[in-house]
Amino acid sequence: MADKKQKLVLSILDFLSQSVSDGTVKSDDHEGLEVAIQCIGEAFGVDPNDSQQRERLSIAPATLPTIFDVYLKTKEKVGAGPAPAASTSASASTGSKAPSAADKAAAEKLKQAGNSHMSAKDYHSAIDSYTKAIDLDPTNPVYFSNRAAAHSSSNDHYSAIEDARKALEIDPNFTKAYSRMGHAYFCLEDYDEALSAFQKGLALDPTNANLKSGVENSRQKLNATSVTPEPTARSAGAPGAGAGGMPDLASLAGMFGGAGGGGGGGMPDLATMMNNPQMMAMAQQMMANGGLDRLMANPSIRQMAERMQSGGGMPSMAEMMSDPALRDLAGQFAQGQGRGAGGA
């Protein structure tokens, strides 16, 4: 849980407790409000009675009512002023006053200080330096982007996303902000949003290695979470079964005569055939088309496999060739073997 959210929760709990103690809430409602305080604290991992936690999260001397009062007064002043003129996204988000040359120079020094703090892994000091740089020059997207990186390094990924958005408000073509945003979403395991951010950045900079890696990693996570293998009798009981219950080709070759040498009647040795790249490609294609899956669903083939697994030995060639499906499969492999032998 990010400190920022817990600070807000502690302020709310203090406000509710104060409302109970100062008589703001009727005595009949005290018990219900005290239960609510306990439930909210447990939900967000905040204990108002923990002195160490309070020292870390307290916003004293400010309180929630005083902060809200400042907000209301600021809103009244803004509402009473003239309507703002149309402006670019950068000026709209940073105010009408442009930073002076001296402000920009000082902000750049603060940015360099923040970078030094990042190298030393002093992320809180880095955030403080970048924030001061932003105060001096809020028109530079780099400062928001760098602060986003510092927030992510502090595991405050929500703040990182917000800073990345601010950087893009200033410069929609600032690709590093998309990288920061994608990384933050990825750490939050929101892989859809991560992929979207990385792809938007990659559209602006197609050669960016970090963005390419982000797209690939996000897709892998999405594929991993979307594929749920269905258990089958074959995947549960057959050693050497491949992913999703499909038979492993090496196990299949061993079942059909992996001891080496040609089979009876001129039949090819399938274990040797599996070493042929073209034959492997044919087998993989059959697997993709469901051919091997249908073959292993054949009762005769399954009985042969179970007999071999229980130590019953290899079936005879006559027994194997008595099954039409197996005979057709062997013929296809024999033809492929002949074509593979004639190649370079």
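These notes cover the structure that comes with them. From a predicted model like this one, the values you see are computed outputs, not experimental measurements.

Analysis parameters
Residues numbered from 1 in each chain as written. Predicted model: local features only at pLDDT ≥ 70, side-chain atom pairs only at ≥ 80, totals over all residues. Heavy atoms only, no water. Helix = DSSP H or I, 4+ residues; strand = E, 2+ residues; numbered from the N terminus. Contact = heavy atoms within 4.5 Å. Axes fitted to C-alpha atoms, helices over the stretch in contact; angles between N-to-C directions. Parallel < 35°, antiparallel > 145°, perpendicular 65-115°, else oblique. Left-handed = near helix turned anticlockwise from the far one by under 90°. Nonpolar A, V, L, I, M, F, W, Y, C, P; charged D, E, K, R; others polar. Salt bridge = Lys/Arg side-chain N within 4 Å of Asp/Glu carboxyl O. Buried < 20%, exposed > 50% of the residue type's maximum accessible area, 1.4 Å probe, protein only.

What to know about the overall build of the protein
When helices and strands are counted, the protein shows 20 helices and 0 strands. For the protein, contacts bridging at least 24 residues in sequence account for 55% of all contacts bridging at least 6.

Comments concerning the environment of H117
Looking at the secondary structure, you find H117 in helix α6 (residues 101–119). Excluding residues within four positions of it along the chain, H117 makes contact with D122, S125, A126 and S129.

Focus: the packing of helix α8 (residues 141–153) against helix α9 (residues 157–170)
Relative orientation of the contacting elements α8 and α9 amounts to 170°, with a least axis distance of 8 Å. As summarised for this structure, α8 and α9 are arranged roughly antiparallel, according to the angle between their axes. Seen from above, α8 lies across α9 with left-handed handedness. Facing P141, F144, S145, R147, A148, H151 and S152 of α8, the residues of α9 in contact are H157, S159, A160, D163, A164, K166, A167 and I170. Taken together, the residues of the contact of α8 with α9 break down into 7 nonpolar, 5 polar and 3 charged.

Considering the pattern of salt bridges
The tally for this structure, following the rule as stated, stands at 4 salt bridges. Between K132 and D128 there is a salt bridge; the shortest N-O distance is 3.3 Å. In this pair, K132 and D128 are both assigned in helix α7 (residues 123–136), 4 residues apart and thus about one turn of the helix distant. For K132, a relative accessible area of 42% corresponds to the partly exposed category. Here R147 makes a salt bridge to D163, at a shortest N to O gap of 2.7 Å. Note that R147 is positioned in helix α8 and D163 in helix α9, a separation of 16 residues in sequence. Each member of the pair R147 and D163 is classed as buried.

Quick notes on unusual backbone geometry
Although it is not a glycine, N155 adopts a positive phi angle of roughly 65°. Residue position: N155 is located in the loop between α8 and α9. By relative accessible area, N155 is classed as exposed at 60%. One non-glycine residue, E189, lies in positive phi territory at about 65°. The exposure class of E189 is exposed, given its relative accessible area of 59%.

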